[in-house]
Each structure stands twice: as C-alpha cells, then as structure tokens.
Amino acid sequence: WLDGRQFAEKGRAGAMALRAATIESGTPVEDTLVDAKVCDCCPTATARTDQGVIVAYRDRSDTEVRDIAVTRLVGGKWTTPATVFEDNWQINACPVNGPALAATGRNVAVAWFTVAGGTARVKVAFSTDGGETFSAPSVVESEATFGRLGLVMLDADRALVSAIEKVGGADQIVVREAKRGGRVGPPKPVAATTFERTSGFPRMAVSGRRVWFAWTDVTSGAVPRVRVASARLK
C-alpha cells in the first residue's frame, strides 16, 4: 500500500512510501518498507506468479522521474525495486495513473501510461521469468489516451489491455489484444465514459470464455452507477 506516515512525521518534507504486510488469521504480523519514495497517488498493482508475489507501482526519483518499477517477494523478502523500462518521464506532480499487472504461471504482463517526450502513450511489456526481467515494451497507439488501465492475461503470450481514450472526439473505454513479440491489435469499444476523475479506473476479469468489464458510469449526469458488460473471447 501507499504509506504516508513520513508526511505525518515530517510534513511536506516527507515522501510517500510503499509498504507491505503479512497477515495471518486477520492480524498483521509483519510491516515492511519496500520503497521509501514513490509517486504520491498512483495506484499499485499486484499479481501472483508460480515464483511468488510481484508488485508494480510508479516510482519517484529525487529528480522527479516517475517510471514504473516492480518488486518481488522472494524467500520472504522483497527484492530491490527494478525499473521495468526507462521512459524517463519527469513530472513534478502525481499523474494519478498507476500500472496494471497480470500473471499466469511464470508469465507476467505489465501495462502503464506515460507522457515521456510530451506524447501520451500506453506501453505493455512481458516477462517469462516471474517478473525478474521484462521485454522491451510495445507501444499502444491511440488517437488520445488518458490511461486508467486494466489488464488480464489470456494465456502465456496474450493479454487484454483496457484504457480510457478519445475515439472520434468522444471519450470511451476501449480494449486491445497485446501479444508477446510486439503486436498490438486495434481498439474495440466497450462503453462511453469521461476522462474526469469521477469515472475512476475500469476493471476487467476473465471467467471461462468470457471477459467481464466493470466501470463507474458518470456520463448521464445523474447519480454515478457501476455498470457491467461482457464479451465472448475468440
């Protein structure tokens, strides 16, 4: 979790940290500092591989580079955080746009949003060793993306990535298939939405031969509603 105790102790001089706990029978038995300085508000992501737990998050350097890092729980200890790919996105603020992570067996996929170089992009990278190393990322091309990503793995070589994007002048939730090796399919529309913060982070899950989507609908101007849709997988 993102932990703000340094803010409470040091005020504005403190930094947001990443911490983890082991819970047994509903009681935390261990509270561990994983990374002492991370991006303030970007959500974290967690997945389980055959080799243990992996966590992805937006890191934060002393020069305000905020790229995506991962750490793994190996032998009861968290590994030294490693950057998935050096986008070198320098931003003196939190973009509130964390990574998405999914795993099956030893295979892991991670997707993230970046505006490095001044262009908004979504990137996807794969791992075959439980997240110890990642391939060079594939770039998801879009008319305009706002990130807010979801991710599920279909098998060892394929993943679905969802995002909020502007398509034909309208904000939509879209989903694409990304394959190991760099190929990314065209966007498939899921539902109309808005890039406003109130729309939250759409989510995906796979059950059998169907993929399910859940999101907060704030397009009608009425009370926000959680909506669900599904599609059959090929």
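Residues numbered from 1 in each chain as written. Predicted model: local features only at pLDDT ≥ 70, side-chain atom pairs only at ≥ 80, totals over all residues. Heavy atoms only, no water.

Caption draft 1: Structural context of the overall build of the protein. Tallying secondary structure elements over the protein gives 1 helix and 19 strands in all. Its C-alpha atoms give the protein a radius of gyration of 18 Å, near enough to 17 Å, the size a compact globule of 234 residues would have. Seen through its C-alpha atoms, the protein measures out along the principal axes to roughly 45 × 40 × 40 Å. For the protein, the residues scored as buried account for 44% of the 234 residues in total. Partitioning the contacts of the protein with sequence separation of at least 6, the portion at a separation of at least 24 is 41%. When the accessible surface of the protein is summed, it comes to about 11,800 Å², and 50% of that surface belongs to carbon and sulfur atoms. Each charge class in the protein was averaged separately, 30 positive and 25 negative side chains, and the resulting centres sit 6 Å apart. (Helix = DSSP H or I, 4+ residues; strand = E, 2+ residues; numbered from the N terminus. Rg over C-alpha atoms; globule rule 2.2 N^0.38 Å. Buried < 20%, exposed > 50% of the residue type's maximum accessible area, 1.4 Å probe, protein only. Contact = heavy atoms within 4.5 Å. Areas by Shrake-Rupley, 256 points an atom, 1.4 Å probe, with all protein chains shown as cover. Lys, Arg positive; Asp, Glu negative; His and termini not counted. Charge placed at Lys NZ, Arg CZ, Asp CG, Glu CD.)

Caption draft 2: Quick look at a nonpolar patch on the surface. A cluster of nonpolar residues, Trp-212, Val-226 and Val-228, forms a patch on the protein surface that exposes about 320 Å² of accessible area. With relative accessibility at 66%, the residue Val-226 sits in the exposed group. (Patch = residues over 30% accessible without salt bridge, like charges linked within 9 Å, V, L, I, M, F, W, Y side chains within 5 Å. Salt bridge = Lys/Arg side-chain N within 4 Å of Asp/Glu carboxyl O.)

Caption draft 3: Just the packing of aromatic side chains, in detail. Going through the model one piece at a time under the given rule, you end up with 2 aromatic pairs. Judged by centre distance (5.9 Å) and plane angle (75°), the ring pair of Trp-89 and Phe-113 falls under edge-to-face. Linking Trp-89 in the loop between strand S8 (82-83) and strand S9 (100-104) with Phe-113 in strand S10 (residues 107-114), this pair joins segments that are 24 residues apart in sequence. On the basis of relative accessible area, Trp-89 is assigned to the buried category, the value being 7%. For the pair Phe-146 and Phe-195, a centre-to-centre distance of 4.8 Å together with 15° between the ring planes defines the contact as stacked. Pair noted here: Phe-146 is in strand S13 (residues 145-155) and Phe-195 is in the loop between strand S16 (188-192) and strand S17 (203-207), with a separation of 49 residues, a long-range link. Between Arg-148 and the ring centre of Phe-201, over which it is positioned, the NZ or CZ distance is 6.0 Å. (Phe/Tyr/Trp six-rings, centres within 6.5 Å; stacked < 30°, edge-to-face > 60°. Lys NZ or Arg CZ within 6 Å of the ring centre and 35° of its normal.)

Caption draft 4: Spatial organisation of the side chain of Lys-123. On the secondary structure map, Lys-123 appears in strand S11 (residues 121-127). Beyond its immediate chain neighbours, meaning those up to four positions away, Lys-123 contacts Phe-85, Asp-87, Val-110, Ala-111, Trp-112, Thr-114, Pro-137, Ser-138 and Val-139.

Caption draft 5: Region of interest: the confidence of the model for the protein. When pLDDT is averaged along the protein, the result is 93; 99% of the residues meet or exceed 70. The weakest mean pLDDT in the protein belongs to helix H1 (residues 5-10) at 80; the strongest belongs to S8 at 98. (pLDDT = per-residue confidence, 0-100.)

Caption draft 6: Examining the sheet that holds S17 more closely. One open sheet holds the 3 strands; their spatial order is S17-S18-S19, and the pairing between them is antiparallel. Because the sheet does not close on itself, it has two edges, and the strands there are S17 and strand S19 (225-232). Put simply, the sheet's adjacent strands are angled 20° from each other on average, direction ignored. As paired strands, S17 and strand S18 (residues 210-217) are joined by 5 bridges and run antiparallel to one another. The partner of Met-204 across the bridge, within S18, is Phe-213. (Pairing = 2+ DSSP bridges. Axes fitted to C-alpha atoms, helices over the stretch in contact; angles between N-to-C directions.)

Caption draft 7: Representation of the nonpolar core in the model. Grouped together as the largest cluster of nonpolar side chains are 15 residues, with contacts concentrated most on Val-124, Leu-151 and Val-161. Counting only elements with at least two residues in this core, the list comes to S9, S10, S11, S13 and strand S14 (158-167). Apart from residues no more than four positions distant in its own chain, Val-124 is found in contact with Val-110, Ala-111, Trp-112, Pro-137, Ser-138, Val-140, Val-161 and Ala-178. (Core = buried A, V, L, I, M, F, W, Y, C linked by side-chain atoms within 4.5 Å.)

Caption draft 8: Quick look at the sheet that holds strand S3 (residues 27-35). Taken together, 3 strands build an open sheet; the order of strands is S1-S2-S3 and the sheet is antiparallel. Bordering the open sheet on either side are strand S1 (2-3) and S3, each of which pairs with just one other strand.

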